[in-house]
Amino acid sequence: MSSRDDDGRDTVREFRDAVNMNPGELGRWLATDDSKAVGWRRGGRGGESVGHQSGRRIVDLLRKRANQFTDRDFAHMRKVVGYVRRHMAQRPAGDVRNTRWRHSLMNWGHDPLKAPLPAVGGPSRKARQRHREAERSSARNRRR
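Named according to an unreviewed UniProt entry, the protein chain is DNA-binding protein originating from Plantactinospora mayteni.

Some thoughts on a positive patch on the surface
A surface patch of positive charge is lined by Arg136, Arg140, Arg142 and Arg143. When you line up the elements, Arg136 lands in helix α7 (residues 125-143). What makes Arg136 partly exposed here is its relative accessible area of 47%.

Some words on the environment of Phe15
Mapped onto the fold, Phe15 is located in helix α1 (residues 9-18). A residue is classified by how much of its surface remains accessible, and Phe15, at 1% relative accessible area, is buried. In this structure, the C-alpha to C-alpha distance between Phe15 and Leu62, residues 47 residues apart in sequence, is 9.6 Å. Setting aside residues up to four positions removed in sequence, Phe15 forms contacts with Ile58, Leu61, Leu62, Met77, Val80 and Val81.

Some remarks on the nonpolar core
If you look at the biggest cluster of nonpolar residues, it comprises 26 residues, and the most contacted ones within it are Phe15, Leu26, Ile58, Met77, Val80 and Val84. For this core, the secondary structure elements donating two or more residues are α1, α2 (23-30), α4 (50-63), α5 (71-88) and α6 (100-107). Residue contacts for Val80: discarding those within four places in its chain leaves Phe15, Val19, Ser54, Ile58 and Trp108.

Some details on α6
Counted residue by residue, α6 has seven buried out of eight residues, so it is predominantly covered. Within α6, the full set of buried residues consists of Trp101, Arg102, His103, Ser104, Leu105, Met106 and Asn107. Looking at the buried residues of α6, the elements they touch are α2, α3 (33-36), α4 and α5. Positive phi appears at Gly109, one or two residues downstream of α6, with a value of about 90 degrees.

Some points on the packing of α1 against α5
Two numbers describe how α1 lies on α5: the axes approach to 9 Å, and their chain directions differ by 45 degrees. Taken together, the axis directions place α1 and α5 in an arrangement best described as oblique. When the axes of α1 and α5 are compared, the crossing they make is left-handed. For the pair α1 and α5, contact is made by Thr11, Val12, Glu14, Phe15 and Ala18 and by Phe74, Met77, Arg78, Val80, Val81 and Val84, respectively. Partitioning the contact of α1 with α5 into residue classes produces eight nonpolar, one polar and two charged.

Considering α5
Residues spaced three or four apart along an α-helix face the same direction, because each turn holds 3.6 residues. For α5, built from 18 residues, the straight-helix expectation of 26 Å at 1.5 Å per residue is met to within 8% by its first-to-last C-alpha distance of 26 Å. When α5 is considered as a whole, its buried residues turn out to be Asp73, Phe74, His76, Met77, Val80, Val81, Tyr83, Val84 and Met88. Those residues of α5 that are buried lie in contact with α1, α4 and α6.

Conventions used here
Residues numbered from 1 in each chain as written. Predicted model: local features only at pLDDT ≥ 70, side-chain atom pairs only at ≥ 80, totals over all residues. Heavy atoms only, no water. Patch = residues over 30% accessible without salt bridge, like charges linked within 9 Å, V, L, I, M, F, W, Y side chains within 5 Å. Areas by Shrake-Rupley, 256 points an atom, 1.4 Å probe, with all protein chains shown as cover. Salt bridge = Lys/Arg side-chain N within 4 Å of Asp/Glu carboxyl O. Lys, Arg positive; Asp, Glu negative; His and termini not counted. Charge placed at Lys NZ, Arg CZ, Asp CG, Glu CD. Helix = DSSP H or I, 4+ residues; strand = E, 2+ residues; numbered from the N terminus. Buried < 20%, exposed > 50% of the residue type's maximum accessible area, 1.4 Å probe, protein only. Contact = heavy atoms within 4.5 Å. Core = buried A, V, L, I, M, F, W, Y, C linked by side-chain atoms within 4.5 Å. Axes fitted to C-alpha atoms, helices over the stretch in contact; angles between N-to-C directions. Parallel < 35°, antiparallel > 145°, perpendicular 65-115°, else oblique. Left-handed = near helix turned anticlockwise from the far one by under 90°. Nonpolar A, V, L, I, M, F, W, Y, C, P; charged D, E, K, R; others polar. Expected span 1.5 Å × (residues − 1).

Structure (structure tokens):
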């Protein structure tokens, strides 16, 4: 399975960093009119947007165990990571809370108001959190 880097671990880590909404949050978001109103639709105006379709697939991916991922799942994860990174680089100025830009990103599982996207190749969000917790614990122990 040559398309998998480290058996897909890097792909999964980047996907989980890019997707900062849990399956319940994303599912509730996808049910809203704001979610359905944004995005590019194949063949014109009618039908479900590509991002909305992707969001439904992301919900399924978030509910899968790592040993259940297929090559198609890894390919979609890479597509999601690329989309989120490209669109985060195009952040509009000002308040983005009610913008089509944010709503489109949320269809792809990333709420830009929740947390910044980690740098490419940098430590994961969870690794940074563990590091901060270890630093706090160490500081508390030094004070004692």
